[in-house]
Amino acid sequence: QVQLVESGGGLVQAGGSLRLSCATSGRSFSTYIMGWFRQAPGKEREFVCAIRRSGGATYYADSVKGRFTVSRDYLQNTVDLQMNSLKPEDTGVYYCAATALDYGFDHDHTYAYWGQGTHVTVSS
């Protein structure tokens, strides 16, 4: 079992930045691949990015590539999402998720553990 708690959401103007953080507790943090997903109003939840275990290889959705950066801190057991050059279409609820599986990390059904989400609103 692992518990996830997101923080850092808020309201920002287009072009601005936000940094989201996901605090984890429970079983060994290094066991899991960590992902971020988001859900815009009236839309399906979509993959944003993921970061592997040791080595920390990262993967991004095309829509955020070059603007978002995911990182993990093995001492603090946290996963951060730095979001720059934000656009109104980045608005949504952002979820942190964890999976012990080593495939399909861009699909939400791969992830067994989810946080409650944090709201991000980007105004134009």
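Since the structure is predicted, the reported quantities are computational estimates derived from the model, not experimental observations. (Residues numbered from 1 in each chain as written. Predicted model: local features only at pLDDT ≥ 70, side-chain atom pairs only at ≥ 80, totals over all residues. Heavy atoms only, no water.)

(A) How the structure looks around the packing of aromatic side chains. Enumeration according to the criterion identifies 8 aromatic pairs in this entry. Aromatic pair Tyr-59 and Phe-105: ring centres 4.3 Å apart, planes at 35°, arrangement tilted. Of this pair, Tyr-59 sits in strand S6 (residues 58-60) while Phe-105 sits in the loop between strand S9 (92-99) and strand S10 (113-114); the two residues are 46 residues apart in sequence, bridging distant segments of the chain. The class of Tyr-59 is partly exposed, set by a relative accessible area of 28%. Overall, the relative accessible area of 14% leaves Phe-105 in the buried class. Feature note: the residues Phe-37, Phe-47, Tyr-95, Tyr-111 and Trp-114 constitute an aromatic cluster, connected by ring pairs. The cationic tip of Arg-45 hangs over the ring face of Tyr-95; the distance from NZ or CZ to the ring centre is 5.5 Å. Over the aromatic face of Trp-114 sits the side chain of Arg-45, whose NZ or CZ is 3.8 Å from the ring centroid. (Phe/Tyr/Trp six-rings, centres within 6.5 Å; stacked < 30°, edge-to-face > 60°. Helix = DSSP H or I, 4+ residues; strand = E, 2+ residues; numbered from the N terminus. Buried < 20%, exposed > 50% of the residue type's maximum accessible area, 1.4 Å probe, protein only. Lys NZ or Arg CZ within 6 Å of the ring centre and 35° of its normal.)

(B) Region of the structure containing the state of the cysteines. Tallied over the full model, the rule gives 1 disulfide. What pairs with Cys-22 in a disulfide is Cys-96, and their sulfur atoms sit 2.1 Å apart. In this structure the cystine formed by Cys-22 and Cys-96 twists about its S-S bond by roughly -80°; its chirality is therefore left-handed. In this pair, Cys-22 is assigned in strand S3 (residues 18-26) and Cys-96 in strand S9, connecting sequence segments 74 residues apart. Judged on exposure class, the residue Cys-22 and its partner Cys-96 are both buried. Cys-96 provides the cysteine sulfur closest to Cys-49, a residue in no disulfide bond, and the two sulfurs are 9.3 Å apart. (Disulfide = S-S within 2.5 Å.)

(C) Seen up close, the sheet that holds strand S7 (residues 68-73). Across the sheet, which stays open at both edges, the 4 strands sit in the order S1-S3-S8-S7 with antiparallel pairing between neighbours. Taken across any chain shown, the strands that pair with only one partner, and hence form the sheet edges, are strand S1 (2-7) and S7. Strand-to-strand twist in this sheet, taken as the mean axis angle between neighbours without regard to direction, amounts to 15°. Alignment of S1 against S3, held across 6 bridges, turns out to be antiparallel. Following the sheet pairing, Val-2 is matched in S3 by Gly-26. (Pairing = 2+ DSSP bridges. Axes fitted to C-alpha atoms, helices over the stretch in contact; angles between N-to-C directions.)

(D) Representation of the pattern of salt bridges within the structure. Counted by the stated rule, this structure contains 8 salt bridges. Measuring nitrogen to oxygen at the nearest pair gives 2.8 Å for the salt bridge that ties Arg-38 to Asp-90. Taken together, the residues Arg-38 in strand S4 (residues 33-39) and Asp-90 in the loop between strand S8 (78-83) and S9 connect sequence positions 52 residues apart. In this structure, Arg-38 and Asp-90 share a single accessibility class: buried. Here Asp-62 ties to Lys-65 by a salt bridge, and the two come within 3.1 Å at their closest N and O atoms. The burial state of Asp-62 is the same as that of Lys-65; both residues are exposed. Salt bridges sharing common partners tie together Arg-38, Glu-46, Arg-67 and Asp-90. (Salt bridge = Lys/Arg side-chain N within 4 Å of Asp/Glu carboxyl O.)

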